[in-house]
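Here's the letter readout for the chains.
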Amino acid sequence: MLSPNSTFYPRPLGVTPAASLPQSPSAPLETSRQLVASDERDAPYFRSLEEVGIRLNGPQISAVRHGKGPLLTLAGAGCGKTTVLAARAGYLMEVRGAHAGSILLVTFTNKAATEMKDRIASLPGIRPAAARAVQARTFHSFALTLLRHYGVQEEIFGESRAQHTVLKMLLRQNGMSEAFQPESLLAMLSAWKMQGSETSDLPEKSQEERDAKRVLLGYEAWKRDRNKMDFDDILLRAAALLRDPAVLGPLQQRFQYIMVDEFQDTNSLQYEIVQKLAAAHRNLMVVGDDDQTIYTFNGARQESILEFDKVYPGARIVTLDINYRSDARILGLGSELVARNKRRRDKRLRAAGHRGDAPRFATPSNAEEEAAWVVNQLCQQVEEGLHTYRDIAILHRTASSSRAIFEQLVLKDVPFVQHGASPVFYDQSLIRPLMDHMRLSLNPRAVDALPSALGPLYVSRDAGLEWIQRSEEQQAKKYPLIHLAKWDKLKPFQQEQVKERIKLIKSLTKLKPVIAIQEMRRQFYDKYMESGDPSIFTHYKETMLETLDEFEAAAKKFETVEEFIQFADELSRRHREMESLRRSQDSDAVQLMTIHRAKGLEFPCVYWIGASEGIVPHSTALRQDIPEDQKAALTVQQTDAELDMALEEERRLAYVAITRAKQYLYVTSPASHHGKPADVSRFLLEAFGMEVPDKRKKREDGPTGNHASYGSGSSNWKGNGNTNGKANGNESRNGNAAYARSGSRPQGRDAVSPVQRGADQRSAIRQSDRRDFEVLDERDEDRLSERRGSGVIRNHTAFSTTGISQTASSSSSSGLHSSGAERTETVAIWKCSSSTCKAWLRQKPDGASAKSSKKATSGPPPCPLCSGTMEASTRKVPVTGRFGR
C-alpha cells in the first residue's frame, strides 16, 4: 500500500539538523537611476529606458555600455541577459551611432530570436525601420539565407520520420536491417558534421564502422540525387562558404557588431562561423553561463566560455550576478551546489527576486510513491488556491523517469502538458514489442501485435507479414506466427527459433508480468537490442537498458499479464481521446518535461523528481564508484577525467533544475530505483556542507571543494572590465561525446539576407524554407534533438474515457447524450473507494476477451494507484469514435 500522505522536510534525508540551508546574499537596490549621473553623456538613453520600466543594475550597465572589442558576459540564471542584449543593441544605435544593419544578434531558438526582435522594437527612440534592420537571427536562419544568396537551391530534408524511412530502406538494401537503429546513425552523422567533418571522412577501423559509413554515404548520395539537404548540411555548407575570402569579406564589413546568445550551447561548427565573422574587427559580445552547459551530448563545448579570453586576449569579462527570479534560499541551494564543480568560472549570484518559501525535500520509497506524493500535493495546492495548474512544473532527468508521474496525472484527471516524450510509456518503440508479445499470449491472433514480434526474430516485417497473410488465407492457424516455420526464405535455425518463440509466448500468460518481461529479456530481447558497435552506441544502449529497467518496475504492481495489458491499453485509450479533444481545452495545465527542456524557462512552483544517486547524477557518470574489477568488465572504458567531466555536467543539470523555481521548490529523492537501493543525490548533501567520499583512490589534486579553475568577471558598472579571467589546467578541447546527437535546434523563420543592403533589397526566405524551419522548430526527439518545444495539453478532465468498444456493456448502452457539438455516453467503471484517490478504470465489456483469468472474474481489480479496493460506478465520457483493442 502506498503512503497516502506526502511529507516534505526542510532538509534532505541524511543532513543533520545542525546544517543550515544555503542562502544567497541580497542584491543592492541601486539601478541606473542612481548609478548613471544626469551629466553623463549617455544619461538620456538610460533615462528613456527608465521611463518604460527598464532599470538596469550595475553589471548590466557595464555590459550595455561596452563598445568595441571582445566581451564575455557571464549571465547567471535569471539575471536578465535578454534585456541586456536588447538594450545594448539600442545603445549601439542611439549612443554610439551604429547603423542598425551592422548589428548581428545570433541565438538558437525561433522563440528567442522573435523575442529579441520584439524587445528591440519596443525600446524608446528606436524607429520600426531600424528595429527591422537589426539582424536578430538563429544560426540556421543566418546560414540558410547565406546559402540561398549564393545560389544554393536544394530543398530542406528535415522531417525525422522521412529521414528514418530512407535509412531503413538503405539498411535493407545493404542487408543490415537489424544492425543499426536509424536514429543512432543520424546522431552519429550529425555529431560528426558538427565537428566540421565530411561524411567521407567517417572512421572505418572496425567492421561496424565500415558498415555504418557505407549506409551513411548512401544516405548522402540519396539526398544529393534528389537535390536535398538536411539541417546539419546547412551549417556545414555555410561554414565552407565562409572560408572563401570573397564571401567572408563583405559580411565582415557589414556586420561590425556581433552578439551571440546562449554561447555555452555553441558547437564547434557554430563557433567557427562566429569567429570568422568577427575576425576582422573583434567586436564580439558573447552571453552565456558555463554553469548551464548541459548539452555536451549535442556538441556544446564548455571551453567556449572557459577559454574565451585565451582565444581573444584582452577580452573584457562582465558578470551579471543579480538574480531576479528565485527566492534567496532557492538560489542559495543552487549556487552552493554548482560551486562544487572545478571547471567553471567563479561567480556567486545575489538575490533580488520575490520572497517565496524555503526548498522542501522528501524521500518516498520508490517512483510509484514519489508520483503519488507529488500529484496529491500539487492537487491540494490547486484546491487551496495557492497555485493554478499552469504555475507548476514537474522536472525529471530522462524520458523513462516520467512514467510513474505520467500514470498518476492521467488516472487522477490532472490536466498536464508533456514536452518532448512518447505519448505513453508503453507505446514507445522499445517497449511495444514486449507488450505485443504479452498481447499475443492472451490472443495469438491479435493482428496488430504480430508486426512487433517479427523484428526480434530477425525477419523482414513487410515480407514476413505478407507470407503470414498468404498462408492464413490457405489455412488459418491458432498461432499465425507458426507459418514462418515453413517459410523457405528462412534458414533452418530461424525456423526453429520461430517454434521456440511460440512456446515462450504460450508460457507468458501463466507468469507475473515482471517475470514475463525478465524472461523475454533473458531469452532474446536484450541481445536483439544490443546490436551494433558498443564504442559507437553506448549512449543509446544505456538509455535502452534504463527504459527496460523502468518497464520492469512498472510491471511489478500487477499480478497477471491480462491486468497489466488492460492498464496499459487504458492509458493509451485515454491519451488518444485527449489528443482528439485537446485543441478545445483551456491551457491551464501542469508542465511535465525533462530538465534539459526546462532550460531557459521559469515557473512559480517546481517539483524536481528523481534526485537520487543513479538518476541525478545519472548512473553513467557514477562508474567511478564501482569496484575496479567490475569496471574492467564495462564495454567502454572511461578515464577518471572523463568521469569527472560527466559528473560535473550532472551537477550543472541539478543546478538548472533548481534555478527554474521562482518561489516554491520541492525535491524528491526515491529511496530505491529499479528495485535497487538509492541514496539521496550527493549534490543535495554537498550543498548542505556534507562531504561525499570518492570511492576511487584519492585524487592527486585533493578533496572536492570550490576549486574555480577559471577567472571571474568584474561587475564594475563603469565599464572597466576585469581581464584577469585566466584559465589554468590542461583542459580538454573536446567536451562533447564522440557520437552524440548534435544540436538541431528550432530556428528562426524570419529571413532577411545578411548580404544585401537597404530595406528595399531585403528578401525573405522562401515559403518552403519557412515551413521547413517550422519542422525544425517542432522536431521532438527528447534529449536527442532540440531542447525546447511547445508540448501538448493533456486535459484529462475532458478525455476520461477508455474509448468506445464495439461490444458495449449493458450498463453503457443506455443512450448517448449530446452537449452542443460534443456527444457523451455513460459507461460502467471501477472507481477507487478511497476518498483521497481519484483513480478509475473502465469495466471490461462482456465477451471482450475469450480468455479471462479467474482472478479477473472474481471481483473488481485492485486500484492501480493506491492498491486499495475499487467499487462499481458509472461515468459520462465523450464519444470520440475511436475504438480500443
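Residues numbered from 1 in each chain as written. Predicted model: local features only at pLDDT ≥ 70, side-chain atom pairs only at ≥ 80, totals over all residues. Heavy atoms only, no water.

Enquirer: Hey, could you run me through the overall build of the protein in this one?
Expert: When its secondary structure is counted, the protein shows 31 helices and 23 strands. The 885 residues of the protein split such that 58% are buried. In the protein, of all internal contacts separated by at least 6 residues, the share reaching a separation of at least 24 is 80%. Roughly 35,800 Å² of accessible area belongs to the protein as shown, and the carbon and sulfur atoms make up 49% of that amount. (Helix = DSSP H or I, 4+ residues; strand = E, 2+ residues; numbered from the N terminus. Buried < 20%, exposed > 50% of the residue type's maximum accessible area, 1.4 Å probe, protein only. Contact = heavy atoms within 4.5 Å. Areas by Shrake-Rupley, 256 points an atom, 1.4 Å probe, with all protein chains shown as cover.)

Enquirer: Please explain the nonpolar core as it appears in this structure.
Expert: Grouped burial of nonpolar side chains is what soluble globular proteins tend to show. Core analysis: the largest hydrophobic core is formed by 86 residues, its most contacted members being Ile-120 and Trp-608. With eight residues, helix H4 (residues 81-94) is the largest single contributor of residues to this core. Excluding residues within four positions of it along the chain, Ile-120 makes contact with Ala-86, Ala-89, Met-93, Leu-105, Ile-126, Ala-131 and Val-134. If you look at the next biggest cluster of nonpolar residues, it comprises 57 residues, including Phe-558, Cys-605, Tyr-607 and Tyr-666. (Core = buried A, V, L, I, M, F, W, Y, C linked by side-chain atoms within 4.5 Å.)

Enquirer: Would you mind going over the packing of helix H7 (residues 139-149) against helix H11 (residues 231-241) with me for this structure?
Expert: The geometry of a pair of packed helices is captured by two quantities: the angle between their axes and the separation between those axes. At a closest axis distance of 9 Å, the pairing of H7 and H11 adopts a crossing angle of 60°. When the axes of H7 and H11 are compared, the pair comes out oblique. Remark: the crossing between H7 and H11 carries left-handed chirality. Of H11, the residues touching H7 (which contributes Phe-139, His-140, Ala-143, Leu-144, Leu-146 and Leu-147) are Phe-231, Ile-234, Leu-235, Arg-237, Ala-238 and Leu-241. Across the contact of H7 with H11, the residue classes tally to ten nonpolar, one polar and one charged. (Axes fitted to C-alpha atoms, helices over the stretch in contact; angles between N-to-C directions. Parallel < 35°, antiparallel > 145°, perpendicular 65-115°, else oblique. Left-handed = near helix turned anticlockwise from the far one by under 90°. Nonpolar A, V, L, I, M, F, W, Y, C, P; charged D, E, K, R; others polar.)

Enquirer: Please explain the pattern of salt bridges as it appears in this structure.
Expert: Any two side chains of opposite charge can pair, so long as their charged atoms come close to each other. Considering all chains together, one arrives at 55 salt bridges under this definition. A salt bridge links Asp-261 to Lys-81, with the shortest nitrogen-to-oxygen separation between them at 2.9 Å. Of this pair, Asp-261 sits in the loop between strand S6 (257-260) and helix H13 (268-278) while Lys-81 is found in helix H4, placing the two residues 180 residues apart along the sequence. Overall, the relative accessible area of 2% leaves Asp-261 in the buried class. Here Arg-521 and Asp-549 are joined by a salt bridge, their closest N and O atoms 3.1 Å apart. With Arg-521 in helix H23 (residues 513-529) and Asp-549 in helix H24 (residues 534-555), this residue pair connects regions lying 28 residues apart in the sequence. For Arg-521, a relative accessible area of 9% corresponds to the buried category. Connected through salt bridges with shared partners, the residues Asp-289, Asp-290, Asp-291, Arg-344, Asp-346 and Lys-347 form a single ionic network. (Salt bridge = Lys/Arg side-chain N within 4 Å of Asp/Glu carboxyl O.)

Enquirer: Even after reading the chapter, I still don't get the packing of aromatic side chains, so can you show me in this structure?
Expert: Here the structure, examined in full by the defined rule, presents 26 aromatic pairs. Centroid distance Phe-263 to Tyr-271: 5.2 Å. Interplanar angle 85°. Geometry classified as edge-to-face. Grouping residues by exposure puts Phe-263 and Tyr-271 together as buried. An angle of 50° between the planes, with centres 6.4 Å apart, marks the rings of Phe-425 and Phe-551 as tilted. Of this pair, Phe-425 sits in the loop between strand S13 (416-418) and helix H19 (432-442) while Phe-551 sits in helix H24, and the two are 126 residues apart along the sequence. In this structure, Phe-425 and Phe-551 share a single accessibility class: buried. Grouped by ring-pair contacts, the aromatic residues Phe-425, Tyr-426, Phe-551, Phe-558, Phe-564 and Phe-567 constitute a single cluster. Positioned over the ring face of Phe-524 is Arg-501, at 3.7 Å from the centre of the ring. (Phe/Tyr/Trp six-rings, centres within 6.5 Å; stacked < 30°, edge-to-face > 60°. Lys NZ or Arg CZ within 6 Å of the ring centre and 35° of its normal.)

Enquirer: Explanation requested: the pairing of strand S14 (residues 590-594) in the structure shown.
Expert: Within a regular strand, side chains alternate between the sheet's two faces. Within S14, five of the five residues are buried, which leaves the element mostly enclosed by the surrounding structure. Alternating residues of S14 divide into Val-590, Leu-592 and Thr-594 and Gln-591 and Met-593, and every residue in both groups is buried. In terms of strand pairing, strand S12 (residues 392-396) meets S14 through four bridges, oriented parallel. Within the sheet, the bridge partner assigned to His-396 lies in S14 and is Thr-594. (Pairing = 2+ DSSP bridges.)

Enquirer: Explanation requested: the sheet that holds strand S3 (residues 135-138) in the structure shown.
Expert: Strand order across the open sheet formed by six strands is S3-S2-S6-S7-S1-S8, with parallel pairing between neighbours. Looking at the sheet topology across the chains shown, the edges are occupied by S3 and strand S8 (316-320). Strand after strand, the sheet turns through a mean of 15° between neighbouring axes, direction not considered. With four bridges connecting them, strand S2 (residues 103-107) and S6 associate as parallel partners. Directly across from Leu-104, in S6, lies its bridge partner Ile-258.

Honestly, that's just the spatial picture; any functional story needs more than this.
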